[in-house]
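# Structural features, examined
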Amino acid sequence: MRVIIKDNKDIMANWAANYVAYKINKFRPTKNKPFVLGLPTGSTPLKMYAELIKMFQKGKVSFAHVVTFNMDEYIGLPADHPQSYHYFMQENFFKHIDIKPSNVHLLDGMTKNYEKECADYEKAMKDAGGVNLFIGGVGRDGHIAFNEPFSSLKSRTRVKTLTESTIKANSRFFKSEKEVPTKVLTVGIETIMSADEVLIMANDKNKAEAIKHGIEGPLSHVWTISALQQHPHGIILCDKEAASELSPETRAYFMEIEKDNF
């Protein structure tokens, strides 16, 4: 596992955007060989998306031959709902870049057949050649995507019931806590870990306990971020606040060996 510790979340977001652009450009995607990117929503990746938009506008990266798969979607919210992840991605990223709509994949929270929707999503990822880079955030309780504590580390895309703490955390995006959907469709831990590379982002003090468990704790379905320990190309990117509960030895080790940009 690589652990990249930056001074603050702005520098962290800039590193993430440059890394995504670097991976796309290095891959040299074409229509017949697209770069497949897994994407998150939430507050953590917003600055990364803003930086990627700037890079696209300056001609430093193109998404014309990039295929995307988002991590999750609320059950019961239509695509045009202001708090749906369809809407979030469109407003904060997709409409500002040159990605083809046919290359964008998000789970349908309005489906009547959850099992088929999830199976079709897994198949679409496989048919695309697999995900080259999956990017995600992490919750205070260590969940990645919506794989809450005690999720199977072998899980695939499925329906998941949200915990009260996650509902409370997400209520800041809604008018009230009662409006937050209690169920979601989400990719599983094994879905994420099947990607060639996984980049998990975390900033601010409230993510420090999750980062500590993810890096220094044992492999555990209680802290699903810990699954990254078994990935051959896993990266945790965080700011100093999110890394504040790591032991001084751990922080010193990674800050010493991760001096190079990429």
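To be clear, the structure that these remarks concern was listed above.
In this report, we go over the structure that sits alongside the text.

Its identity is not glycine, yet alanine 145 carries a phi of approximately 55°, on the positive side. Its identity is not glycine, yet phenylalanine 150 carries a phi of approximately 80°, on the positive side.

The strand order β4-β8-β7 describes an open sheet built from three strands, whose pairing is antiparallel. Pairing within the sheet leaves two strands with one partner each, and these edge strands are β4 (72–74) and β7 (158–161). Direction aside, the axes of adjacent strands within the sheet are offset by 30° on average. In the sheet, β7 pairs with strand β8 (residues 183–186) via four bridges, with the strands oriented antiparallel.

Structurally, the position occupied by threonine 157 is in the loop between β6 (133–136) and β7. On the basis of relative accessibility, which here comes to 9%, the residue threonine 157 falls in the buried class. Only 2.7 Å separates the side chain of threonine 157 from the side chain of glutamate 122, close enough to count as a polar contact.

Take helix α3 (residues 85–92) next. Along an α-helix, a turn takes 3.6 residues, which lines up residues three or four apart on a common side. For α3, every residue scored as buried is listed here: Tyr85, Phe88 and Met89. Seen along its axis, α3 keeps its buried residues to an arc of 90°; they face one direction. Residues of α3 that are buried in the fold lie against β2 (35–39), α2 (46–57), β3 (66–70), β4 and α5 (164–170).

What follows deals with the packing of aromatic side chains. Per the counting criterion, the structure on display carries 15 aromatic pairs. Measuring from ring centre to ring centre gives 6.1 Å for tyrosine 74 and phenylalanine 146, while their planes differ by 45°; the resulting arrangement is tilted. On the criterion of sequence distance, the pair formed by tyrosine 74 in strand β4 and phenylalanine 146 in the loop between β6 and β7 is long-range, its members being 72 residues apart. Each member of the pair tyrosine 74 and phenylalanine 146 is classed as buried. With 6.4 Å between their ring centres and 15° between their planes, tyrosine 85 and phenylalanine 146 make a pair best called stacked.

Parameters at a glance
- Residues numbered from 1 in each chain as written.
- Predicted model: local features only at pLDDT ≥ 70, side-chain atom pairs only at ≥ 80, totals over all residues.
- Heavy atoms only, no water.
- Pairing = 2+ DSSP bridges.
- Helix = DSSP H or I, 4+ residues; strand = E, 2+ residues; numbered from the N terminus.
- Axes fitted to C-alpha atoms, helices over the stretch in contact; angles between N-to-C directions.
- Buried < 20%, exposed > 50% of the residue type's maximum accessible area, 1.4 Å probe, protein only.
- Polar contact = N/O pair within 3.5 Å; in protein donor to acceptor, adjacent residues only side chain to side chain.
- Arc of directions from axis to C-beta.
- Contact = heavy atoms within 4.5 Å.
- Phe/Tyr/Trp six-rings, centres within 6.5 Å; stacked < 30°, edge-to-face > 60°.

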